[in-house]
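A structural walkthrough
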Amino acid sequence: MNLALIADTFSPLRSSGAVQLRDLSREFIEQGHDITILVASSQLPAPFILEDFGGVHVLSLRTPKMKDVSYIRRTLAEFLMPFFMRHHYRSSPLQNSKWDAVVWYSPSIFLGPFVSYIKKTSQCRSYLIIRDIFPEWAVDMGLMGKGLPYLFFKAIANHQYSLADVIGVQTPGNKAYFNKWLAKCTGRLEVLQNWLADTKDTGCSIRLQDSKLSGRKIFVYAGNMGIAQGIGVLFRLAVALRERSDIGFVFVGRGSSAQQLRDDVTAQKLENVLLFDEIDPDEIPGLYSQCDIGLVSLDQRHRSHNIPGKFLSYMQAGLPVLAAVNDGNDIVDIIQSESVGYVSTDGNSDSLRAEAEKLILDLQQGVDFRCRCKHLAAKLFSPSTAVEQIVSALDCVESGNERL
């Protein structure tokens, strides 16, 4: 196939979405497809830049600034983003390209108008990869009510759903949300698990053996630290375990809650915690090779299901997980059924501490989590599986097969 993949993030950005799309595009090439990334970028000196990224064509299209700005400015910028992308695309060398299919990645929910343009000009099939059901999760978190802002975002989200021949959600629990969409259209709905390519350990700028945590069992959290992650429970866990000289905590990343975490650690004078800024994704395997347990947290107010990208990276590295997530989340069943760690679902640091100490004891007794984790990563979360599934679904759309 000759595919266009539309997104608002791509390598060399360090977000989990950027890493996922880098790995996915490489796998499309590996399986013999041609793929072009059409990506929004607010950093361009020109309306567009066309580059080659290891055989992947990347057309970056200039858009308004969307990151590290106020919520109102970000909303306006994201609303305008697809129109800027379409305008600059029309003056690019790819303006007359014809695609066999268009694939796009959400978040953002605002890419619909540009997807619609590509789909109409190429008369092609479409696949929406949705990793984030917005604005529903924002309502769950208490960030907005169901007033006019919600109705605005809901209309934007519904527009992008209407453009999809296939929607791939990340867990079975997310399928129920799209029952109304299925009733109104002839599209297909399926579970498309997250994915992450296997990467080699090329070292890391963080050297824990030279730090105050040397010799301890290390709990690591690497990724975004925002409201949705609810990492306050992990801070409270570190406080609860501060007297255990054999345990340490490492937090690596950025986000709206990162500074609060730094302030709290300083205020409590925690000697069992180290904090680092975001590092290059290629350094993550080197970081994890120095650690023992991966931390996952999601705010308890979530009602949707989510398999964070960091969970995949822990599995790939052979690290068992300690998770604090919302009750009923599909990740709970995965962790428990595959015996790759322990989970707390009540938001209580005491119960999380109990699970943490059980996990430490298991490691001390030689439980082979490494093989279990790596097996799970290879079975469910490989880019090759994701690409094969996307292509198969698009082929079914072409042949008119019954929807899933």
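Residues numbered from 1 in each chain as written. Predicted model: local features only at pLDDT ≥ 70, side-chain atom pairs only at ≥ 80, totals over all residues. Heavy atoms only, no water.

1. Digging into the overall build of the protein chain
A tally of regular secondary structure across the protein chain gives 14 helices and 14 strands. By the compact-globule yardstick of 22 Å for 404 residues, the protein chain fits well, its C-alpha radius of gyration being 21 Å. Once the C-alpha set of the protein chain is aligned to its principal axes, its extents read approximately 65 × 40 × 40 Å. Across the 404 residues that make up the protein chain, the buried fraction comes to 53%. In the protein chain, of all internal contacts separated by at least 6 residues, the share reaching a separation of at least 24 is 73%. Summing over all exposed atoms, the protein chain offers an accessible surface of approximately 17700 Å²; the carbon and sulfur share of this is 50%. The centroid of the 42 positive side-chain charges in the protein chain is displaced by 5 Å from the centroid of its 44 negative side-chain charges. (Helix = DSSP H or I, 4+ residues; strand = E, 2+ residues; numbered from the N terminus. Rg over C-alpha atoms; globule rule 2.2 N^0.38 Å. Buried < 20%, exposed > 50% of the residue type's maximum accessible area, 1.4 Å probe, protein only. Contact = heavy atoms within 4.5 Å. Areas by Shrake-Rupley, 256 points an atom, 1.4 Å probe, with all protein chains shown as cover. Lys, Arg positive; Asp, Glu negative; His and termini not counted. Charge placed at Lys NZ, Arg CZ, Asp CG, Glu CD.)

2. A look at the nonpolar core
If you look at the biggest cluster of nonpolar residues, it comprises 65 residues, and the most contacted ones within it are F219, F249, L287, F311, M315 and L322. The residues contacting M315, other than those within four sequence positions of it, are V321, V340, C373, K374, L376 and A377. (Core = buried A, V, L, I, M, F, W, Y, C linked by side-chain atoms within 4.5 Å.)

3. Considerations on the environment of P64
Mapped onto the fold, P64 is located in the loop between β4 (56-62) and α2 (71-89). The spatial distance from the C-alpha of P64 to the C-alpha of Y117 is 19 Å, given a sequence separation of 53 residues. Apart from the residues within four sequence positions on either side, P64 is in contact with S42, A77, L80 and F84.

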